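Residue-level listing of the chains:
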Amino acid sequence: MRIEIAELLKGEKTDIEITVMGWVRTFRNNQFIALNDGSTNHNLQVVVDFNAMDETILKRITTSACISVSGKLIKSQGKGQTVELVADTVEILGDSDAEKYPLQPKKHSLEFLREIAHLRFRTNTFGSVFRLRNALIFGIHKFFQEQNFLNIHSPIISASDAEGAGEMFRVTTLDLNKLPKTEQGDTDFSQDFFGRSSNLTVSGQLEAELAAMAFTKVYTFGPTFRAENSNTARHLAEFWMIEPEVAFNDLKDNADLAEDMLKYVIRYAMEKHPDDIDFLDARLAEEEKQKPTNERAEFGLKEKLNFMLENNFERVTYTEAIEILLQSPAYKKKKFQYEVNWGIDMQSEHERYLVEKHFKKPVIVTDYPKDIKAFYMRQNEDGKTVAAMDILAPGIGEIIGGSQREERLDKLEQRMQEMHIPTEEMYWYLDTRRFGTCKHAGFGLGFERLVQFVTGMGNIRDVIPFPRTPKNCEF
Ligand code: 4AD
Ligand code: MG
């Protein structure tokens, strides 16, 4: 029977005959195999008696070979591990030419590992990152399911631009070398697969709103796509988003839900994989040591996460946030590259100042100017702002974006016209406002930004298995 290494290392059972399978991390002195099967970063020490072992087998126990070992699990004699496996038989399942294997048992840069993303799963760093990513996925479903939210699959191919930002990837089966034309000379999408032009979705929100108008509490968890040419450590062209939508909620309820959710899923992941958190905490501390003192983060990873769990998020309006920036020493000393005034779309330097320097914890900024936000956000009485909220996290910037929705048909139609959003095509969205409209609110959590926050990884490309970014679609 094959047993997983994480299970064995608990050391609950010894003196039993077992089989393990995994990949060789190292093989020392023809005697000690460090074996890993991905269930934990800790390797199982396998002891082989090289006098008793067939020499051809011994030679094939190389870095990253896949092997099956049967033998007796005993309490470890040496230090550094609780148990070890005394091998009776070693079977080579898959050979690995150690000389050609790109992942040598030494420290590689994250940039290099990105180029061999098909193999980086086999490193400790990515082992920890992807186990935590998995725990966060499960934790999110658990949080919503425990509160009777319905999970809705929103479509991946869509004809509408939910965010009205025009950053979409087109989906087509037309022959690009022979595009059919209309009489006006435009591309004739009536001949395309769907009989109209279509794109990969940028957000499942609008569909989630439709479902919330029947089920009250829903959430989506799906891939979303943005063709924004942003080559930053926080942007992907393909990322996963969680979008809850709740009927009868206002902006405050929405912020409460977001804060509860973040705390719940972070606690869940930390409790599920404490070893991985410890590993990444140490990794980050090591990385920070390489930086000049004034650039080092104030908190370690675990410190940061615990601090966030134990404290309330700060809540300020956009107008207050701008005031804080204008009064800041950074502004007065002209440290900001971009200008600050009421109406700006805050740049990441501004967000980071608020979160990392001023409040030193996550901040929920509400009531943004309507001109920098999407058409569906509820218009406030002042005529200038909308009931929007962004949650800004230390080291990440915007992790959540959401709002109370404009539920009043006349106001919504008027705003759509002002923003040149086609109201006829969006009849289905407007129908919810025609037939039993009500107050409702929701938000979108960028899943990879959450994984970055929990793992402390600086680059978003290192928290998704196969990142898609401008000029990069490998694997
Ligand atoms: O702020 P955004 O654009 O909001 C929406 O899409 C709304 N429809 C959400 C809603 O109210 N239901 O995106 C939401 C979040 C951002 O806060 C950010 O965390 C993440 O999605 N995000 C990205 N993550 C990685 N790469 C990108 N290019 C991202 N763009 C947005
Ligand atoms: Mg946003």
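Coordinates for the structure precede this section.
Residue positions are given per chain, counting from 1 as you read along its sequence in written order. Think of it this way: whatever chain is written first is A, whatever ligand is written first is 1, and the rest follow in order. Side-chain atom pairs in this predicted model are given and counted only at pLDDT of 80 or more, local residue features only at pLDDT of at least 70, and totals for whole chains, interfaces and linings cover all residues. With hydrogens and water stripped out, all remaining heavy atoms of the structure feed into the side-chain values.

Some points on the site of ligand 1
Proximity is defined per residue: if any heavy atom of the residue lies within 4 Å of a molecule or strand, that residue is considered near it. As a structural note, the neighbourhood of ligand 1 is formed by 24 residues, with E163, Q205, R226, E243 and E398 the closest of them. The contact in question runs from a nitrogen atom of ligand 1 to an N or O atom on the side chain of Q205, over 2.7 Å. A distance of 3.3 Å is found between an oxygen atom of ligand 1 and a backbone nitrogen or oxygen belonging to G401. All accessible areas in this document rest on Shrake-Rupley with a 1.4 Å probe, and a residue is counted as covered only by the protein chains that are shown. Relative to its free-state accessible area of 630 Å², ligand 1 is covered by the protein chains to the extent of 93%. Think of it this way: any DSSP run of H or I at least four residues long counts as a helix, any run of E at least two long counts as a strand, and we number them from the N terminus. Of all elements in the fold, only β11 (238-247), β15 (397-404) and β16 (440-446) reach the threshold of two or more residues within the shell around ligand 1. For the shell around ligand 1, the element with the most residues is β15, which contributes 5 residues. The residue inventory of the shell around ligand 1, partitioned by class, reads 8 nonpolar, 8 polar and 8 charged. Under the rule applied, a polar contact is a pair of N or O atoms within 3.5 Å (in protein, one hydrogen donor and one hydrogen acceptor; residues adjacent in sequence only if both atoms are side-chain atoms). Three classes are used, and their members are as follows: Ala, Val, Leu, Ile, Met, Phe, Trp, Tyr, Cys and Pro are nonpolar, Asp, Glu, Lys and Arg are charged, and the others, Gly among them, are polar.

Some points on the pairing of β11
Counted residue by residue, β11 has 8 buried out of 10 residues, so it is predominantly covered. Two strands qualify as a pair provided DSSP detects at least 2 bridges between them. Pairing of strand β10 (residues 217-225) with β11 involves 9 bridges; the strand directions are antiparallel. Following the sheet pairing, G222 is matched in β11 by M241. Here 5 bridges tie β11 to β16, and the two strands are oriented antiparallel to one another. Looking at β16, one finds that I242 is bridged to L445. Working definition: with a 1.4 Å probe on protein chains only, accessible area under 20% of the residue-type maximum means buried, over 50% means exposed, and in between means partly exposed.

Quick look at the sheet that holds strand β2 (residues 32-36)
Pairing is mixed in the closed barrel, where 5 strands are placed in the order β1-β2-β3-β5-β4. The average undirected angle you get between the axes of adjacent strands in this sheet is 55°. Orientation is described by lines fitted to C-alpha atoms, with helices fitted over the stretch in contact, and by angles between N-to-C directions that extend from 0 to 180 degrees.

Focus on the packing of aromatic side chains
Stacked, tilted and edge-to-face are the three classes assigned to paired rings of Phe, Tyr and Trp, where Trp is represented by its six-membered ring and a pair needs centres within 6.5 Å; plane angles under 30 degrees give stacked, over 60 edge-to-face, the rest tilted. Applying the stated criterion across every chain yields a total of 19 aromatic pairs. Ring geometry for F221 against W240: centres 6.4 Å apart, planes inclined by 70°, an arrangement best described as edge-to-face. Residue F221 is found in strand β10, and its partner W240 is found in strand β11; the two are separated by 19 residues along the sequence. On the basis of relative accessible area, W240 is assigned to the partly exposed category, the value being 29%. Taken together, the ring pairs in this structure connect F121, F126, F130, F466 and F475 into an aromatic cluster. Sitting over the ring of W342, K384 keeps its end group 5.0 Å from the ring centre. Look at NZ for Lys and CZ for Arg. If either is within 6 Å of the ring centre and within 35 degrees of the ring normal, a charge sits over the ring.

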